[in-house]
Amino acid sequence: MILHVDAQRKLVREQLKAAGIADSGVEADLLLAGVLGISRGEVQMRSLLGRELSVMEAREVGAATARRARREPLQHVLGVAPFLDMELAVGPGVFVPRPETESLVTAAVALLGQDPSSSIGQLTGIDVGSGSGAVALGVARAHGRIRMTAIERSSAAWPWLRANVKAFGDGHVDVFFGDAERAFSVVPPGSLDLVVSNPPYVPAANRPESREVWRHDPEEALYSGADGLDFIRELATWSSAALARGGVLVVEHEDSQGAEIRQIFADAGFVDAATRQDLTGRDRLTSAVRSASGEGGCDQPTIM
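Residues numbered from 1 in each chain as written. Predicted model: local features only at pLDDT ≥ 70, side-chain atom pairs only at ≥ 80, totals over all residues. Heavy atoms only, no water.

A. Structural context of the pairing of strand 3 (residues 123–128). For strand 3, the tally of buried residues reaches 5 of 6 residues, placing the bulk of the element in the interior. When strand 3 meets strand 4 (residues 146–152), the two strands line up parallel, connected through 6 bridges. Along strand 4, the bridge assignment pairs Thr124 with Arg147. Note that the unit made of strand 3, helix 7 (residues 134–143) and strand 4 has a crossover that is right-handed. Bridge analysis of strand 3 against strand 6 (residues 192–197) gives 4 bridges, and the strand direction is parallel. Residue pairing across strands places Val128 opposite Ser197, the latter belonging to strand 6. (Buried < 20%, exposed > 50% of the residue type's maximum accessible area, 1.4 Å probe, protein only. Helix = DSSP H or I, 4+ residues; strand = E, 2+ residues; numbered from the N terminus. Pairing = 2+ DSSP bridges. Right-handed = clockwise from strand over helix to strand, strands pointing away.)

B. Molecular detail of a nonpolar patch on the surface. A cluster of nonpolar side chains, contributed by Met45, Leu48 and Leu49, occupies part of the molecular surface with about 340 Å² of accessible area. Here Met45 shows up in helix 3 (residues 40–48). On the basis of relative accessible area, Met45 is assigned to the partly exposed category, the value being 42%. (Patch = residues over 30% accessible without salt bridge, like charges linked within 9 Å, V, L, I, M, F, W, Y side chains within 5 Å. Areas by Shrake-Rupley, 256 points an atom, 1.4 Å probe, with all protein chains shown as cover. Salt bridge = Lys/Arg side-chain N within 4 Å of Asp/Glu carboxyl O.)

C. Molecular detail of the packing of helix 1 (residues 5–18) against helix 2 (residues 24–36). Two elements in contact, helix 1 and helix 2, have axes separated by 8 Å at closest approach and are oriented at 125°. Judged by the inter-axis angle, helix 1 sits oblique to helix 2. In the crossing of helix 1 with helix 2, the sense of the turn from one axis to the other is right-handed. Here Gln8, Arg9, Val12, Arg13, Leu16 and Lys17 of helix 1 come into contact with helix 2, specifically with Ser24, Gly25, Glu27, Ala28, Asp29 and Leu32. Of the residues belonging to the contact of helix 1 with helix 2, the class tally is 4 nonpolar, 3 polar and 5 charged. (Axes fitted to C-alpha atoms, helices over the stretch in contact; angles between N-to-C directions. Parallel < 35°, antiparallel > 145°, perpendicular 65-115°, else oblique. Left-handed = near helix turned anticlockwise from the far one by under 90°. Contact = heavy atoms within 4.5 Å. Nonpolar A, V, L, I, M, F, W, Y, C, P; charged D, E, K, R; others polar.)

D. Expanded view of the packing of helix 2 against helix 4 (residues 55–69). Here helix 2 crosses helix 4 at 130°, and the two axes come no closer than 10 Å. Here helix 4 runs oblique to helix 2, going by the angle between their axes. Helix 2 and helix 4 meet at a crossing whose hand is right-handed. Facing helix 2, whose interface residues are Glu27, Leu31, Leu32, Val35 and Leu36, helix 4 presents Glu57, Glu60, Val61, Ala64, Thr65 and Arg68. Per-class residue counts for the contact of helix 2 with helix 4 are 6 nonpolar, 1 polar and 4 charged.

E. The arrangement of the pattern of salt bridges in detail. For the structure shown, the criterion picks out 13 salt bridges. Note that Arg40 is salt-bridged to Asp29, the shortest N-O span being 3.9 Å. Taken as a pair, Arg40 in helix 3 and Asp29 in helix 2 lie far apart in primary sequence, 11 residues in all. You can call Arg40 partly exposed: its relative accessible area is 35%. The exposure class assigned to Asp29 is buried, which follows from its relative accessible area of 2%. With its nearest N and O atoms 3.1 Å apart, the salt bridge here joins Arg46 to Glu42. One end of the pair is Arg46 and the other is Glu42, both in helix 3 and 4 residues apart, which spans about a single turn. In this structure, a network of salt bridges that share partners links the residues Arg9, Asp29 and Arg40.

F. Broad picture of the environment of Asn206. Considering the arrangement of structural elements, one finds Asn206 in the loop between strand 6 and helix 10 (211–216). Each C-alpha atom, one on Asn206 and one on Leu222, is 9.9 Å from the other, the two residues being 16 residues apart in sequence.

G. Geometry of unusual backbone geometry. A positive phi angle, near 50°, is found at Leu84, a position not held by glycine. With respect to the helices, strands and loops of the structure, Leu84 is situated in the loop between strand 1 (80–83) and strand 2 (86–89). Of note, the phi angle at Asp170 is positive, near 50°, even though the residue is not glycine. Mapping Asp170 onto the fold places it in the loop between helix 8 (158–168) and strand 5 (173–177). A relative accessible area of 55% places Asp170 in the exposed class.

H. Summary view of the packing of aromatic side chains. What the rule picks out here adds up to 4 aromatic pairs. Aromatic pair Phe231 and Trp238: ring centres 6.0 Å apart, planes at 75°, arrangement edge-to-face. Considered together, Phe231 and Trp238 belong to a single accessibility category, that of buried residues. Members of the aromatic cluster, joined through ring pairs, are Phe184, Phe231 and Trp238. Note that Arg98 overlies the ring of Phe95, its terminal NZ or CZ placed 4.3 Å from the centroid. (Phe/Tyr/Trp six-rings, centres within 6.5 Å; stacked < 30°, edge-to-face > 60°. Lys NZ or Arg CZ within 6 Å of the ring centre and 35° of its normal.)

Dropping the structure here:
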């Protein structure tokens, strides 16, 4: 059994590369770091210094490597996914939050505004299809004056959501188990300041290229009708009733769907529809504001 860290790094890298994992070097270090409970930099330092692993550590690294080589998501193997300033608990049954979804949080917070001297009291928002709770938690922590409710209907995702809210919610995030329609049915009309969602938006016929995605991410978190927009259409209708005048709706989506979503929002009574770019520079976020008059507005195809 290989016990030197440097030799173990090379072995893990080779096994991951043979399994078709593109960033095998980076993932090898992340896997070792996660198993050993140290930073990636510390892995590299121990490798340079010729440090050794214990027999138990080497076995744990080997078992984790075998799981990743079978194309189980690295986040599932390690049990955590980094998101903003959090290390969220994830595993089978829950959608793994992506780094680019941090842009959804940033956009929502910017649209709400963060004036600490404002006389407006605490705001209220919901995250629809919350999964791990990443977006609800991110918005609540970044904004500071909003109470979020994370809505999730999946019994498989529910334990992960509750664990993350307990760890990172700081009393500012509530949870609701049930489908979105039922959740909106108990929301008083015109009472919300924000509806945010990373909804299912993949067209039914389009299977994602990544094996990690189509084997391990829940189907209900991915697909939504022939054009991928069925859920977003419903969300716009529900949000139109639940949001206060001037309230904000913002969603993540595929980079080809912005124009259609802006029209959906306008048809539902929203104004100032705008599509924004995510961290990768793609048009993946669209927002709109609930009309103050209750009338629909013209589409504003602004790319920000």
